[in-house]
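Residue strings, one per chain:
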Protein chains: 2
Amino acid sequence: MSNPTIGVTAPAGFSASGVTAGLKASGNPDLAIVRNDGPLHHVAAVFTSNRVAAAPVHWSRQVVGDGRADAVLLNSGGANACTGPEGFANTHASAEHAAKVLGIGSGDIVVCSTGLIGEQLPMDKIIPGIDAAAAALGSGSEFDGGGAAATAIMTTDTVSKQAGFAGTGYSIGAMAKGAGMLAPGLATMLVVITTDAVVEPAGLEAALRGATRVSFDRADSDGCMSTNDTVVLMASGASGTVPDPAEFATGLKDLCIDLALQLIRDAEGAAHDITIRTFNAATEQDAEDVSRTVSRSNLFKTAIFGQDPNWGRVLSAVGTTKAVFEADELNVSINGVQICRNGGVGDDRNLVDLTGREVLVEIDLNAGDAEAAIWTNDLTHDYVHENSAYSS
Amino acid sequence: MSNPTIGVTAPAGFSASGVTAGLKASGNPDLAIVRNDGPLHHVAAVFTSNRVAAAPVHWSRQVVGDGRADAVLLNSGGANACTGPEGFANTHASAEHAAKVLGIGSGDIVVCSTGLIGEQLPMDKIIPGIDAAAAALGSGSEFDGGGAAATAIMTTDTVSKQAGFAGTGYSIGAMAKGAGMLAPGLATMLVVITTDAVVEPAGLEAALRGATRVSFDRADSDGCMSTNDTVVLMASGASGTVPDPAEFATGLKDLCIDLALQLIRDAEGAAHDITIRTFNAATEQDAEDVSRTVSRSNLFKTAIFGQDPNWGRVLSAVGTTKAVFEADELNVSINGVQICRNGGVGDDRNLVDLTGREVLVEIDLNAGDAEAAIWTNDLTHDYVHENSAYSS
C-alpha cells in the first residue's frame, strides 16, 4: 500500500521505480531509479569516509560536485567495490545508459551499489534492468514508486525503510537500506532523501551535514565502515515553498534519526537495540567518543546479549578514552538503575531488567553539560553465524 | 615437574610460591608471592593505560617509582577494580601484612589482582593466604616455586604460562596469565619477569618498554583493555653478571613475544590464531595501525571463523586508517595466497586453506619498507558464549 506521506515520491516532483534485473539469486527486486522531475535539480550528498571506496562512490562524488543531479540509479546484488578500472567503467556505462533512456545527462546521475565486494556487476543484466526501471517510473498514489524503489535496494534487510516529514508548505521523503548487523560485504547504508522545497545546493549541503552528524554517524552497529555508504538529498522545488531554514534542518534531522533507528532495529543478528547516552560531558565530542568506545567493546556487547548489566565493562571501555573525567566520579545507569556510583558499586545489579529488546545505558562523566548518544546492537551468536557463514 | 630453565625462580636470587587462599569457588590455587632475595632489588614495570585503573595498579605505580621492589604479591579470584577507597585500603592492608611476614617494607611490594571487577576482596581469606604463601616460598629444583606461582595466577587460562632466556652468565625467567579471548572482567594480563643479571632500574625500564612495545602491546585478542594489566621486571643481580645491553634487550624481547603468543594461543573461545602482518608501509606506526585496525574488525574476525578468506573485509578495514597507501596499490595474501592484487581480485580464493589453527594475513601497502604484526584471534560462537554467560 502506498503511504503518501513517506518515501521518496511523497514530495512533489519525484518519480521512482524498483524492478528485478536478476542480480540477486533470490529473484527479488534489485534495481531502482529515483528521478527528480524538477523544476529544480539541486543535490547534496555525503559519502563513506572509507579510503577504499567503491566505484559508484568515486563516480557519484564527481556528479554531485556541481550541486545538480537529475536521478539516482541504485542496485543491490553487487557492491562494485574493489573492482578496479573495469568496475569504474561499469558504473560509467550504467550512468550513460540511464542517461540515454531518461533523456538527461550522464553527469547528473548519482549511482549507488550494494552487495558483495570484489565481484564485477553483470552488465548484461544491469542494462536491461535500467530499461525496465525507466519504463516503470511512477509517482503519486496510483503507483507506489517510492515503495518499489525502497524494496529494490534491500539486501539483508528484513523490512524496507521509508520516512517522511511534513513541513510548512513542503515535504521531505526518504528511503534507506542497511540491516544493522551486517552480513559479509553487505555492510552498506544507502539513503535517498527527496524534498519539494526550494533550497539551494549550499543550503541542502549544510542541512544534510548537520543531520547526518547526529543520525547516521551515531548508528554504530558493529564499528565496521562500508566502502559504499551514500546519503543523497535532492530538491525539486516543486512545492514553490522556500522553507524556514530552522524548520527544514530540524525536520531533516528528525527524519534521518528515524531512518538511523530503523537501521539499528533491523539488525538481524541482534537481540538488543542499545542506546548509549553519555551526559555531563565537557564537550559533545567527549560524549560521542565515550559512547562510541563503549558501543565497540565486544565484552560489553556480549554482556548485554547475556542480559548481564556488567558495568565494569562499561567503565573499562570509558577508561580507554581521552574524555575529561575522573574515574571516581563516574556514574552508570542501565535501564534506569544506577548500578555504578562514583566509580564503584551502586544499586543492586539484580534490579536491572534486560529481557526487553530496548536497552538504555547512561554514562555520567560529571565533567560538564554536553551530551551525545550512540545507537548500537549487542553481539550475539546470530551475528557470528550470519557473518561467518555467508560467503563460505 | 620443575623446569630449571623457565619461570620466575629460574634466575638465581628469587623464591616463589602459589597457594589456595579460597578466593576461587573452584578451590584452585589463587594467591602467589614472588620474592627477590637480592642482593639487588631493582625493578621496572609497565601498567595498563586504562584510566579506570584498579586499586593494585594505583598502589604498584607508587611502589616501583623509586626503582626498588622486594616482592610481588598476586591474587586471582578478584580484580579489586572499581572498588573505591575500600579497595585501595585492602591493597594497602595486603601489602602491609605481606611486609610484616616477609620482613620487608610494604612500600617495596608490588601488588597485582585479577578476577571480577566491582567486588571487594575477601580480606579474611587474603590475610591467611599471605601467611601460607610466605611459608611456602621456595626456589631451585627441589621445589618448583615458580611453577606454583604461575598456576596460582590463572583465571580462565587453560594452561600456565612460563618462559626463560639463557643469557651469557645470567638468565631471565617469567610467568604470565591471560587467556586471549577474555571472560567477563577477567581480561587482565599479568606478567612477572625475573633476572639475576646486574641491571640498574633505568636499564630495566628501557629494556622492558622496548620489549613490551613489540610483544604484549601487539597481542590484541579482542580490542578490550583491562583495568589491571601489569608487567613487572625484577633484577636480583645474583649472577654477578653485567649483561651486554643488546643481548639483554633481545633476550627480554624474545621472552615477551614468547609469552604474548602463549596468551593468544590460549584464547579459549578462539578457533584461529591470526597474525596480521603489514609490510611495505611508510612507517612502523602505519604498519601497526593497519594491522590493529584489521584485528579489530568483527566482520573480518567472523569471516576467519567461517574459514572465509574475505579480503574485501580486510580492505574495508584498511580503508578506515590514516596510513599512507593508494587503494589501487594494495595487495593482500592469506596463508600465502595473494587473493587481492592492486586493490582488486587476485588469485583464486578457493586456494586458501583456513582449516588449520594458524592464519597469516599479509597486507602490502606499497608505500615504504616498514612493517609490523599484530596477533589476534577470530570471533566465534564460543567467544560470545563465554563472555555472555559468565556472570549472569
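The rules we used
Starting afresh in each chain, residues are numbered from 1 along the sequence in its written order. The order in which chains are written sets their letters, starting at A; the order in which ligands are written sets their numbers, starting at 1. Predicted model: local features are reported for residues with pLDDT of at least 70 only, side-chain atom pairs are reported and counted for 80 or more only, and whole-chain, interface and lining totals are derived from all residues. Side-chain numbers come from the whole structure's heavy atoms, not from hydrogens or water. UniProt positions are given in the numbering used here, feature names are shortened, and annotations may be inferred rather than shown by experiment. Strands here mean DSSP runs of E at least two residues long; helices mean DSSP runs of H or I at least four residues long; both are numbered from the N terminus. Atoms counted for the radius of gyration: C-alpha only. Globule rule: 2.2 Å times residue count to the power 0.38. Throughout this description, buried means an accessible area under 20% of the type-specific maximum (1.4 Å probe, protein chains only), exposed means over 50%, and partly exposed covers the range between. The Shrake-Rupley method, run with a 1.4 Å probe, gives the accessible areas here. Residue values count only the displayed protein chains as cover. Lys and Arg are tallied as positive, Asp and Glu as negative. Neither His nor the chain termini are counted. Note that the charge is assigned to NZ on lysines, CZ on arginines, CG on aspartates and CD on glutamates. The contact criterion used throughout is that any non-hydrogen atoms of two residues lie within 4.5 Å. Joining two parts hides part of their accessible area as seen by a 1.4 Å probe, and the buried area is that hidden amount summed over both. Should a side-chain nitrogen of Lys or Arg be within 4 Å of a carboxyl oxygen of Asp or Glu, the pair is scored as a salt bridge. Nitrogen and oxygen atoms within 3.5 Å of one another constitute a polar contact, given that in protein one can donate a hydrogen and the other can accept it, and given that sequence-neighbouring residues count only through two side-chain atoms. To get an axis, a line is fitted to the C-alpha atoms, and for a helix only the part in contact is used. The angle between two axes follows their N-to-C directions and goes from 0 to 180 degrees. Here is the rule for angles: anything less than 35 degrees is roughly parallel, anything more than 145 is roughly antiparallel, 65 through 115 is roughly perpendicular, and the remaining ranges are oblique. It is the rotation of the near helix from the far one that decides the hand of a crossing: anticlockwise by less than a right angle makes it left-handed, clockwise makes it right-handed. The nonpolar class holds Ala, Val, Leu, Ile, Met, Phe, Trp, Tyr, Cys and Pro. Asp, Glu, Lys and Arg form the charged class, and all remaining residues, Gly among them, are polar. In a helix, the anticipated span is given by 1.5 Å times the number of residues less one.

You'll find chain A entered in an unreviewed UniProt entry as Arginine biosynthesis bifunctional protein ArgJ, with Paeniglutamicibacter cryotolerans given as the organism. UniProt lists a comment for chain A under the heading Sequence similarities (unreviewed entry), and it reads "Belongs to the ArgJ family." Check the Function (unreviewed entry) section of the UniProt entry for chain A; it says "Catalyzes two activities which are involved in the cyclic version of arginine biosynthesis: the synthesis of N-acetylglutamate from glutamate and acetyl-CoA as the acetyl donor, and of ornithine by transacetylation between N(2)-acetylornithine and glutamate."

A. Main features of the overall build of chain A. Broken down by element type, chain A carries 10 helices and 15 strands. Against the globule reference of 21 Å for 392 residues, chain A gives a C-alpha radius of gyration of 22 Å, in line with a compact fold. Reported as C-alpha extents along the three principal axes, the dimensions of chain A are approximately 65 × 50 × 40 Å. Across the 392 residues that make up chain A, the buried fraction comes to 60%. Counting every atom, chain A has about 13,100 Å² of accessible surface; 51% of that belongs to carbon and sulfur. Here chain A carries 23 positive and 46 negative side-chain charges, and the mean point of each set is 4 Å from the other.

B. The arrangement of the interface of chain B and chain A in detail. With 53 residues of chain B at the interface, the matching set in chain A holds 53 residues. Carbon and sulfur atoms make up 58% of the surface buried where chain B meets chain A, a total of about 3,800 Å² over both sides. Summed over the shared surface of chain B and chain A, the number is 0 salt bridges. Applying the counting rule to chain B against chain A returns 14 residue pairs in polar contact (both at pLDDT 80 or more). Listing elements by their share of the side of chain B that touches chain A, those giving two or more residues are α8 (298–305), α9 (311–318), β13 (344–345) and α10 (381–389) of chain B. Of the residues forming the side of chain B that touches chain A, the biggest block, 6 residues, is contributed by α10(B).

C. Expanded view of the pattern of salt bridges. Residues and elements named next belong to chain A. In this structure the tally under the stated criterion is 34 salt bridges over all chains. A salt bridge links K161 to D157, with the shortest nitrogen-to-oxygen separation between them at 2.5 Å. Look at K161 and you get buried, because its relative accessible area is 1%. Judged by its relative accessible area of 7%, D157 is buried. The closest approach of N and O atoms between E288 and R292, which form a salt bridge, is 2.9 Å. Here E288 and its partner R292 are both found in helix α7 (residues 284–295), 4 residues apart, which amounts to about one turn of the helix. What emerges from the salt-bridge pattern is a single network uniting R213, R218, D220, E284, E288, R292 and R296.

D. Structural view of the side chain of B:D30. Residue and element names in this part refer to chain B. Within the secondary structure, D30 is located in the loop between β1 (14–19) and β2 (31–36). Notably, D30 is buried but unbridged: the nearest opposite-charge side chain belongs to K24, and the N-O separation is 6.3 Å. Within the structure, D30 has its side chain in polar contact with the backbone nitrogen of A21 (distance 2.5 Å). Residues within four places of D30 in sequence aside, it is in contact with V19, T20, A21, G22, L23, K24, L74, N75, S76 and A152.

E. Seen up close, the environment of B:T155. Residue and element names in this part refer to chain B. By the element assignment, T155 lies in the loop between α4 (145–152) and β6 (161–166). Along the backbone, T155 and D30 are 125 residues apart, and their C-alpha atoms lie at a distance of 8.6 Å. At a separation of 2.9 Å, a polar atom in the side chain of T155 contacts the side chain of K177.

F. Fine view of the packing of helix α2 (residues 84–102) of chain B against helix α3 (residues 123–136) of chain B. Residues and elements named next belong to chain B. Across the interface, α2 lies against α3 with an axial gap of 10 Å and an inter-helix angle of 25°. Taken together, the axes of α2 and α3 lie roughly parallel to each other. Like other packed secondary-structure pairs, α2 and α3 cross with a definite hand, here right-handed. Facing α2, whose interface residues are N90, A93, S94, H97, A98, V101 and L102, α3 presents M123, I126, I127, I130, D131 and A134. Across the contact of α2 with α3, the residue classes break down as 9 nonpolar, 3 polar and 1 charged.

G. Structural context of helix α7 (residues 284–295) of chain B. Residue and element names in this part refer to chain B. In this model α7 runs 16 Å from its N-terminal to its C-terminal C-alpha over 12 residues, within 8% of the 16 Å that 1.5 Å per residue would give. Inspection of α7 places D286, A287, E288, V290, S291, R292, V294 and S295 among the buried residues, and these make up the whole buried set. Elements that come into contact with the buried residues of α7 comprise β10 (273–281), α8, α9, β14 (358–364) and β15 (370–377).

H. How the structure looks around the packing of helix α5 (residues 201–213) of chain B against helix α6 (residues 245–265) of chain B. Residues and elements named next belong to chain B. It is at 9 Å that the axes of α5 and α6 come closest, and there the two elements cross at 40°. Between α5 and α6, the angle falls in the class oblique. Note that α5 runs across α6; the crossing there is right-handed. Facing α5, whose interface residues are L204, A207, L208 and A211, α6 presents F248, L252, K253 and C256. Considered class by class, the residues forming the contact of α5 with α6 number 7 nonpolar, no polar and 1 charged.

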